[in-house]
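The primary structure of each chain is shown beneath.
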Amino acid sequence: MIQDFGRAGPAQMLTGRGALLLSRAQVPVSLLADGAPAGAPLAPDGTVSVDIRLTDGLVAAVQAPGATEGPACDLGGRQVWPMLIDMHAHLDKAHVLGRAPDSGGTHAGAREATTRDRLAHWTREDLMRRMDFALACAEGYGTAAIRTHLDSHEGQAETTWGAFDAMRARWAGRVELQGVALVPLDAYGTGHGARLADLVAANGGLLGGVTRVSGGTHGGGLDDIDALLDRLFALARERDLDVDLHVDEAAVASALPHVARAVLRHGYEGRVTCGHCCSLALLPEEEAAAVIALLAEAGVALVTLPTVNMYLQDRTPGRTPRWRGVTPVQELRAAGVPVAVAGDNTRDPFHAYGDGDMLDTWRQAVRVLHLDHPFADAPALAGAVPAAITGFAAGTIRVGRPADLMIFEAWSLDQIIARPQSDRLLVRRGALSAARPPSYAALAPHEEPAPVG
Ligand SMILES: [Zn+2]
């Protein structure tokens with residue numbers, strides 16, 4: 001018998017045990033791992049009406065609507081999404097606002113403030129306390145997997161990777177984690193590079209870095225960039241590590257083609273992600289097209305961080321910003337370059353806001369990047385694309401996988417985007433989840449700001 005979702009109450013239906021049919025769910029086709037089932041009606045916004053069959057907390061089938069056998073929960077056309085992936089975060093920096101020195105909202109100021117906060121405070125205990133809070137936020141929003149970059153300077157790397165490893169074990173099955181080493185690229189010209197690569201390999205992480213020199217900004221000072229990239233890729237190759245880099249986070253910078261050529265030199269196609277790539281948007285069309293073609297040839301994936309790029313790029317005190325700071329996502333996708341969207345920094349000197357809610361990041365990305373009219377497969381940027389890049393199980397609805405879902409009080413993509421969806425229902429392994437973002441009171445004890453000067 002079909003029960004109405006509203007009258008039955010989801011808590012009674014969604015227990016994670018036995019068989020249950022979620023009937024008349026409206027799902028973006030781009031978030032269905034196997035595409036739209038035959039006969040399922042497709043809406044103009046790229047979502048499709050399906051019945052989702054659950055068995056003991058797993059997705060057992062996704063089929064055209066109309067099934068009647070067994071207990072059922074009629075969603076009446078409500079949007080149902082998988083839990084999402086945030087494939088570029090900084091859990092080690094998160095939630096230091098009010099403690100770290102003020103950054104002025106600029107990239108240079110953020111770097112300086114973060115260095116001071118790191119040197120003053122980043123013990124294992126401090127890192128674990130803040131990471132724990134950030135992960136509880138993510139869980140409360142249905143962000144089920146995070147790839148986090150970890151500042152891995154000499155003297156800090158062991159402490160941070162130890163804290164990360166403990167967090168990964170503590171949160172396994174709730175928020176899956178991957179770690180990426182983050183150092184200025186010139187670190188790979190020192191003995192620390194090889195030691196860091198060993199540490200990353202021992203912790204199952206990715207090798208990474210930022211295409212600027214220590215203490216410098218993007219866009220200058222890296223005269224030996226090709227040699228440094230060769231060293232990084234050699235270290236990665238020796239240890240069979242994937243690579244994830246921060247590239248060209250500035251209006252004028254040109255490391256990206258160097259990275260693509262290094263990928264081709266080292267046969268690392270399909271194993272490299274580049275984040276930010278802001279300056280690509282300001283190149284003359286012909287130059288940009290050539291770089292994009294090179295990225296496609298090298299099988300490089302990109303990740304755009306719209307909330308942080310909007311915050312940091314084109315900021316001058318007293319002057320209103322004139323550009324959005326994001327990379328040309330539509331042109332990259334048209335050329336076959338995989339592009340994901342991610343959240344980057346949360347309540348730290350690089351971004352004063354954010355809360356680990358990938359749905360919120362995606363909603364903002366649609367507006368910033370014009371991923372609408374039509375929506376096409378825009379949801380893929382927060383689901384299927386990062387799933388393919390990272391290998392995380394979240395991000396799509398797939399038969400045989402745990403039923404980790406979000407049910408929205410929304411019937412179309414425009415309704416999803418119009419409201420914050422604070423009343424979304426989280427379903428974990430087929431059971432209704434009580435997880436909610438924690439109170440800021442959980443960040444206590446309050447710590448005094450670091451001394452300035
Ligand atoms: Zn970042």
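- As recorded in an unreviewed UniProt entry, the protein chain goes by the name Cytosine deaminase, listed as coming from Haematobacter massiliensis.

1. Re the sheet that holds strand E8 (residues 143-151)
Okay, so step 1: In spatial order, the strands read E7-E8-E9; together these 3 strands make up an open sheet with parallel pairing. Both edges of this open sheet fall to strand E7 (84-89) and strand E9 (176-182), since each of them pairs with a single strand only. Taking each pair of neighbouring strands and ignoring which way they run, the sheet shows an average axis angle of 15°.

2. Side note on the nonpolar core
Okay, so step 1: Grouped together as the largest cluster of nonpolar side chains are 107 residues, with contacts concentrated most on Trp-81, Leu-207, Phe-233, Cys-274, Leu-295, Leu-302 and Trp-362.
Okay, so step 2: Looking at which domains feed residues into this core, each of domain 1 (10-83 + 396-432) and domain 2 (84-390) supplies at least three.
Okay, so step 3: Residues within four places of Trp-362 in sequence aside, it is in contact with Trp-81, Val-341, Ala-378, Pro-379, Ala-382, Ile-416 and Ile-417.
Okay, so step 4: If you look at the next biggest cluster of nonpolar residues, it comprises 23 residues, including Val-59, Cys-73, Val-80 and Leu-425.

3. Some words on the packing of aromatic side chains
Okay, so step 1: Applying the stated rule across the entire model yields 6 aromatic pairs.
Okay, so step 2: Summarising the aromatic geometry, the rings of Trp-81 and Phe-408 are spaced 5.9 Å apart at their centres and angled 85° between planes, so their arrangement reads as edge-to-face. Residue Trp-81 is found in strand E6 (residues 80-82), and its partner Phe-408 is found in the loop between strand E15 (405-407) and helix H14 (413-418); the two are separated by 327 residues along the sequence.
Okay, so step 3: On the accessibility criterion, Phe-408 (0% relative accessible area) is buried.
Okay, so step 4: What links up through ring pairs into an aromatic cluster is the set Trp-81, Trp-362 and Phe-408.
Okay, so step 5: Against the face of Trp-171 rests Arg-174, its NZ or CZ located 4.2 Å from the ring centre.
Okay, so step 6: The ring of Tyr-311 carries Arg-315 above its face, with NZ or CZ at 4.6 Å from the centroid.

4. Some thoughts on the coordination of the zinc ion
Okay, so step 1: His-88 (NE2), His-90 (NE2), His-246 (NE2) and Asp-344 (OD) make up the full set of protein donors to the zinc ion, lying at 2.0 to 2.4 Å.
Okay, so step 2: Its 4 donor atoms give the zinc ion angles of 86 to 177° at the centre, a pattern that matches the irregular case.
Okay, so step 3: For the zinc ion, the single-chain donor residues occur in sequence as H-x1-H-x155-H-x97-D. Pair noted here: His-88 is in strand E7 and His-246 is in strand E11 (residues 243-247), with a separation of 158 residues, a long-range link. His-246 shares its class with His-88; the two are buried.

5. Topic: the domain arrangement of the protein chain
How large an interface is tends to be reported as the accessible area lost when its parts come together.
Okay, so step 1: Assigned domains within the protein chain: domain 1 (10-83 + 396-432) and domain 2 (84-390).
Okay, so step 2: The gap between the C-alpha centroids of domain 1 and domain 2 is 31 Å.
Okay, so step 3: Facing the 22 residues of domain 1 at the interface are 22 residues of domain 2.
Okay, so step 4: For the pairing of domain 1 and domain 2, the buried interface totals around 1,700 Å² over both sides, and the portion due to carbon and sulfur atoms is 67%.
Okay, so step 5: Our count for the domain 1 to domain 2 interface comes out at 1 salt bridge.
Okay, so step 6: Taken together, the connections running from domain 1 to domain 2 amount to 8 residue pairs in polar contact (both at pLDDT 80 or more).
Okay, so step 7: Among the elements of the structure, E6, H14 and strand E16 (425-428) are those that each provide at least two residues to the side of domain 1 that touches domain 2.
Okay, so step 8: At 5 residues, the largest contribution of residues to the side of domain 1 that touches domain 2 is made by H14.
Okay, so step 9: Here the side of domain 1 that touches domain 2 is built from residues that sort into 13 nonpolar, 3 polar and 6 charged.

Basis of the calculations
- Residues numbered from 1 in each chain as written.
- Predicted model: local features only at pLDDT ≥ 70, side-chain atom pairs only at ≥ 80, totals over all residues.
- Heavy atoms only, no water.
- Pairing = 2+ DSSP bridges.
- Helix = DSSP H or I, 4+ residues; strand = E, 2+ residues; numbered from the N terminus.
- Axes fitted to C-alpha atoms, helices over the stretch in contact; angles between N-to-C directions.
- Core = buried A, V, L, I, M, F, W, Y, C linked by side-chain atoms within 4.5 Å.
- Buried < 20%, exposed > 50% of the residue type's maximum accessible area, 1.4 Å probe, protein only.
- Domains from an automatic or database assignment.
- Contact = heavy atoms within 4.5 Å.
- Phe/Tyr/Trp six-rings, centres within 6.5 Å; stacked < 30°, edge-to-face > 60°.
- Lys NZ or Arg CZ within 6 Å of the ring centre and 35° of its normal.
- Donors = N, O, S within 2.8 Å, 3.2 Å for Na, K, Ca; no water.
- Tetrahedral: all angles 85-135°; square planar, octahedral: opposite > 155°, others 65-115°.
- Buried area = accessible area lost by both parts, 1.4 Å probe.
- Salt bridge = Lys/Arg side-chain N within 4 Å of Asp/Glu carboxyl O.
- Polar contact = N/O pair within 3.5 Å; in protein donor to acceptor, adjacent residues only side chain to side chain.
- Nonpolar A, V, L, I, M, F, W, Y, C, P; charged D, E, K, R; others polar.

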